[in-house]
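Working through the structure, step by step
Below are the chains, spelled out letter by letter.
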Amino acid sequence: MTTVFGAFPVMFMIVAAVIGVGGIVGLVKGVARLRGSASLREDGRETTGTVVDSQMESRGAGDNRFMVFRPVVRFRTQEGQEVTAVGPNASRRSFVKDSTVPLRYHPDRPAEIEIVTGEGSGSGAWAMIAGGLLAAVAGLFFVVVGWHWNVT
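Conventions and cut-offs
Residues numbered from 1 in each chain as written. Predicted model: local features only at pLDDT ≥ 70, side-chain atom pairs only at ≥ 80, totals over all residues. Heavy atoms only, no water. Patch = residues over 30% accessible without salt bridge, like charges linked within 9 Å, V, L, I, M, F, W, Y side chains within 5 Å. Areas by Shrake-Rupley, 256 points an atom, 1.4 Å probe, with all protein chains shown as cover. Salt bridge = Lys/Arg side-chain N within 4 Å of Asp/Glu carboxyl O. Helix = DSSP H or I, 4+ residues; strand = E, 2+ residues; numbered from the N terminus. Contact = heavy atoms within 4.5 Å. Buried < 20%, exposed > 50% of the residue type's maximum accessible area, 1.4 Å probe, protein only. Polar contact = N/O pair within 3.5 Å; in protein donor to acceptor, adjacent residues only side chain to side chain.

In this section: a nonpolar patch on the surface. The grouping of Val-10, Met-11, Ile-14, Val-15, Val-18 and Ile-19 at the surface amounts to a nonpolar patch, some 500 Å² of accessible area in total. Among the structural elements, Met-11 can be located in helix α1 (residues 7–43).

Moving on to the environment of Arg-92. Here Arg-92 is to be found in the loop between β3 (82–86) and β4 (100–105). If we ignore the near neighbours within four places in the chain, the residues touching Arg-92 are Phe-66, Met-67, Val-68 and Phe-69.

Applying the stated rule across the entire model yields eight salt bridges. One salt bridge connects Arg-104 with Glu-46, and the closest N-O pair in it is separated by 2.9 Å. Taken as a pair, Arg-104 in strand β4 and Glu-46 in strand β1 (residues 45–59) lie far apart in primary sequence, 58 residues in all. We classify Arg-104 as buried; its relative accessible area is 12%. One salt bridge connects Glu-57 with Arg-59, and the closest N-O pair in it is separated by 3.0 Å. The exposure class assigned to Glu-57 is partly exposed, which follows from its relative accessible area of 30%. Taking the relative accessible area as the measure of exposure, Arg-59 reaches 31% and is therefore partly exposed. Several salt bridges share partner residues, and in doing so they unite Glu-46, Arg-104 and Glu-114 into one network.

Looking at the secondary structure, you find Ser-54 in strand β1. Since its relative accessible area comes to 13%, Ser-54 is described here as buried. Reaching out from Ser-54, the side chain makes a polar contact with the side chain of Ser-94 at a distance of 3.4 Å. Among the polar contacts made by the side chain of Ser-54, one reaches the main-chain amide nitrogen of Phe-95 at a distance of 2.9 Å. Setting aside residues up to four positions removed in sequence, Ser-54 forms contacts with Phe-69, Arg-70, Ser-94 and Phe-95.

Below, the structure written as structure tokens:
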């Protein structure tokens, strides 16, 4: 059996491996967010905050580019400390400035928040886990295809 490692198959496998590693990183980050969310539900304190801004982020590539928004929220802790924090979950719609949102914060790290209900609620962990899993499986599939391509 001869192995033919041409430039294209090798580059194909490198790109596939990068996609797979990116997926694994997404999975790890998603699990970390899930654990952080569970910690907030267990130990966090609930209050209301005021949306002071929307943090914009561009996602996608080429013709598939779109904007997502994260709420920038100002609130007071039970100890009276004023905190401005960015919500972890993004939305396709901008947040309305000066609107109030129910949130949960960590008493030891009050900048660690999660919107409780409504637009932008949750941690975004499940989406990150699903995307990471999809990328990891796709990367593995393409590495196997590339490997098969090189050894046949």
